[in-house]
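# Inside the fold
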Amino acid sequence: MDRKRIMTWAVALGFALSAAAGNTAQVRQITLDEAILLARTQSVDAAVALNELKTAYWEYRTYKADLLPEVNLSAIAPSYNKAYNSYQQENGAYTFVRNNYMQMNGQLSIDQNIWLTGGTLSLNTSLDFMRQLNGDKDERFMSVPIALTLNQPIFGVNNIKWNRRIEPVRYAEAKAAFLSATEEVTMTTINYFFNLLLAKENVGIAKQNLENARKLYEVAKAKRKMGQISENDVLQLKLNMLNAQSSLTDNESALKSNMFQLRSFLALGENEELEPVLPDMLPKMLLNYQDVLDKALANNSFAHNIRRRQLEADYQVAKAKGNMRQITLFAQVGFTGTDRTFEGAYHPLKDNQVVEVGFKIPILDWGKRRGQVKVAQSNREVTESRLRQETMNFNQNLFILVEQFNNQRAQLDIANEADAIAQKRYHTNVETFMIGKISTLDLNDAQVSKDEARQKHISELFYYWYYYYQLRSLTLWDFEKNTNIDADFEEIVKK
């Protein structure tokens, strides 16, 4: 084989490899169900919903932990002090004395919040040690082997009791919001999926229109030579062909844009060319508004949101009233001992009892605290008014949505029939134009009607699925399986 032939084969092989490398896009057919499943597991929106659920879960776990006993160890080991300190003498005069000592202490306590009263009960034990490093160089131990301490606010707001009412509702709201967010991810997927499906149909329509326009233009040129049609009709058909070419270019660009949007949302690779499959199975049902409303009020995060905001408004009023006077009871009973030796600090022991009642009652505050109560009460009334309005809007929007869904099946059937009729009419008009019995205006009208009917069919199909999943997101109910939409939240947050 001569050198020239080798070079020719090398160049050909290079072009072949370049073409193969550039054509790495993989065509992937994707159904609506597949797109929904990918969106729920891979999309950024799904990840955001999951992180919000995790935040709410750990906030709820923190609240639950506040109701359980807490074991604490605190210690200073050691503390060294070598400095001058002020000292009051017997005649009342102050002087400064030099101190040089080392101190250590430790305390172990078991603390329990009392949700019924809002106080704190602690069982603790402690040991203190001090050593003088100059002078007599004495050392002392002081022990509290056991002490029971109660710290109880009186007449103030019981924060723990209110948290027991609010936090479970807040977490239930977060769980319902996560399920609704998952359904909203589905709605976004449906939107992107049908945008791509419509763009694909538009490209198909544009290609078919261009092919027909070229054939008709060629037929028109032949008829013009035979004097069967006017020059104006020929020019009109040529213009139709040019418009069809322009429309095809625009629709191909829109197809690429919509494909990129769906592919990015589903977190798929850029080398995958998605081929959306037209859904053929539809859930056939008619929904009752009252039944849908009952499910929405039982499951939707909106109902929990209403309850939580009402409780929070009541809580703010209770706090404002509790701040009008502050009384605290502190009581401690136990045993204590002190000695130069460790063993002696625990034998013999003496009683250690402390009872203290402190209070703060405003004598003259110029109505400040009473004003705070009035502000909290007014805010509560505003919140109640807003909640009533939001509830009315929610019920009204749900009613409209149920009506739209129930009517959408009929709209879809009409769109299907109109699509079939428009397709048949267009093909009939093309054949009729071939034999010269209709004008280009009639042919153009048939083509426009055909394209609009096909687009209308896709649009009505989109609205059917969109309304269906919107109702699922509001009710958290699977109407096909007739069961709640639920999840294992403990398992989800631990992934």
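Residues numbered from 1 in each chain as written. Predicted model: local features only at pLDDT ≥ 70, side-chain atom pairs only at ≥ 80, totals over all residues. Heavy atoms only, no water.

It is worth spelling out a nonpolar patch on the surface at this point. Taken together, Val-71, Leu-73, Leu-108, Ile-110, Leu-121, Leu-123, Ile-146, Leu-148, Val-333, Phe-335 and Leu-349 make up a surface patch of nonpolar side chains, about 950 Å² in accessible area. Elements that contribute at least two residues to the nonpolar patch include exactly β2 (70-88), β3 (94-114), β4 (119-132), β5 (139-154) and β7 (326-339). Note on placement: Leu-73 falls in strand β2. For Leu-73, a relative accessible area of 69% gives the class exposed. (Patch = residues over 30% accessible without salt bridge, like charges linked within 9 Å, V, L, I, M, F, W, Y side chains within 5 Å. Areas by Shrake-Rupley, 256 points an atom, 1.4 Å probe, with all protein chains shown as cover. Salt bridge = Lys/Arg side-chain N within 4 Å of Asp/Glu carboxyl O. Helix = DSSP H or I, 4+ residues; strand = E, 2+ residues; numbered from the N terminus. Buried < 20%, exposed > 50% of the residue type's maximum accessible area, 1.4 Å probe, protein only.)

Now for the confidence of the model for the protein chain. Residues with a pLDDT of 70 or more make up 94% of the protein chain, whose mean pLDDT is 85. When mean pLDDT is taken per element in the protein chain, helix α6 (residues 289-299) scores highest with 92 and helix α1 (residues 3-22) scores lowest with 43. Confidence over residues 3-23 falls short of pLDDT 50; this stretch has 2 contacts with residues more than four positions distant or in other chains. (pLDDT = per-residue confidence, 0-100. Contact = heavy atoms within 4.5 Å.)

A word on the packing of aromatic side chains. Each pair of aromatic rings is reported with the distance of its centres and the angle of its planes. Applying the stated criterion to the full structure yields 22 aromatic pairs. When the ring of Phe-141 is compared with that of Phe-342, the centres are 6.0 Å apart and the planes differ by 85°; the resulting orientation is edge-to-face. Residue Phe-141 is found in strand β5, and its partner Phe-342 is found in the loop between β7 and β8 (350-360); the two are separated by 201 residues along the sequence. Taking the relative accessible area as the measure of exposure, Phe-141 reaches 15% and is therefore buried. By relative accessible area, which is 39% here, Phe-342 ends up partly exposed. (Phe/Tyr/Trp six-rings, centres within 6.5 Å; stacked < 30°, edge-to-face > 60°.)

Moving on to the pattern of salt bridges. Following the criterion strictly, the structure yields 23 salt bridges and no others. Glu-139 is the partner of Arg-131 in a salt bridge, and the nearest nitrogen-oxygen pair spans 3.0 Å. A relative accessible area of 33% places Arg-131 in the partly exposed class. Judged by its relative accessible area of 26%, Glu-139 is partly exposed. Salt-bridge contacts for Lys-450 lead to Asp-451; the nearest nitrogen and oxygen are separated by 2.8 Å.

With that out of the way, let us pick up the environment of Val-448. When you line up the elements, Val-448 lands in helix α9 (residues 440-475). For the pair Val-448 and Tyr-426, spaced 22 residues apart in sequence, the C-alpha separation works out to 9.1 Å.

Looking now at the packing of helix α4 (residues 159-225) against helix α8 (residues 368-434). It is at 11 Å that the axes of α4 and α8 come closest, and there the two elements cross at 15°. In this view, α4 runs roughly parallel relative to α8, as classed from their interaxial angle. The element α4 and its partner α8 pack so that their crossing is left-handed. Note on element contacts: α8 touches α4 through Tyr-426, Val-430, Phe-433 and Met-434, opposite Asn-209, Asn-212, Leu-216, Val-219 and Lys-223. Residue composition of the contact of α4 with α8, by class: 6 nonpolar, 2 polar and 1 charged. (Axes fitted to C-alpha atoms, helices over the stretch in contact; angles between N-to-C directions. Parallel < 35°, antiparallel > 145°, perpendicular 65-115°, else oblique. Left-handed = near helix turned anticlockwise from the far one by under 90°. Nonpolar A, V, L, I, M, F, W, Y, C, P; charged D, E, K, R; others polar.)

What follows deals with unusual backbone geometry. A negative phi angle is the norm for most residues apart from glycine, just as the trans form is the norm for most peptide bonds. Here the amide bond leading from Ala-77 into Pro-78 is cis, since omega sits at -5°, within 30 degrees of zero. With respect to the helices and strands, the residue Pro-78 is situated in strand β2. Of note, the bond from His-347 into Pro-348 is cis; its omega dihedral lies within 30 degrees of zero at -5°. Tracing the sequence through the fold places Pro-348 in the loop between β7 and β8. Of note in this structure, Ala-267 is not a glycine but carries a positive phi near 60°. Within the element layout of this structure, Ala-267 appears in the loop between α5 (231-265) and β6 (272-276). Since its relative accessible area comes to 47%, Ala-267 is described here as partly exposed.

Below, the discussion takes up the nonpolar core. With 66 residues, the main nonpolar core has Phe-193, Phe-194, Leu-266, Trp-465 and Leu-471 as its most contacted residues. Of all the secondary-structure elements, those providing two or more residues to this core are α2 (32-42), α4, α5, α6, α7 (301-322), α8 and α9. Broken down by element, the residue count for this core peaks at 16 residues, all from α4. Apart from the residues lying within four places of it in its own chain, the contact partners of Leu-266 are Ile-30, Ala-35, Leu-38, Ala-39, Gln-42 and Thr-189. Tyr-60, Leu-179, Leu-476 and Phe-489 belong to the second-largest nonpolar core, a separate cluster that totals 16 residues. (Core = buried A, V, L, I, M, F, W, Y, C linked by side-chain atoms within 4.5 Å.)

Here we take up the side chain of Asp-111. Counting through the fold element by element, Asp-111 comes out in strand β3. Buried within the structure, Asp-111 lacks any salt-bridge partner; its nearest side chain of opposite charge belongs to Arg-164, at an N-O separation of 19 Å. Within polar-contact distance, the side chain of Asp-111 engages the side chain of Asn-72 at 2.8 Å. When sequence neighbours within four positions are dropped, the list of residues in contact with Asp-111 reads Leu-68, Pro-69, Glu-70, Asn-72, Leu-121 and Ser-122. (Lys, Arg positive; Asp, Glu negative; His and termini not counted. Polar contact = N/O pair within 3.5 Å; in protein donor to acceptor, adjacent residues only side chain to side chain.)

Along the chain, Glu-167 turns up in helix α4. Contacts of Glu-167, omitting those with residues within four sequence positions, involve Tyr-60 and Tyr-63.

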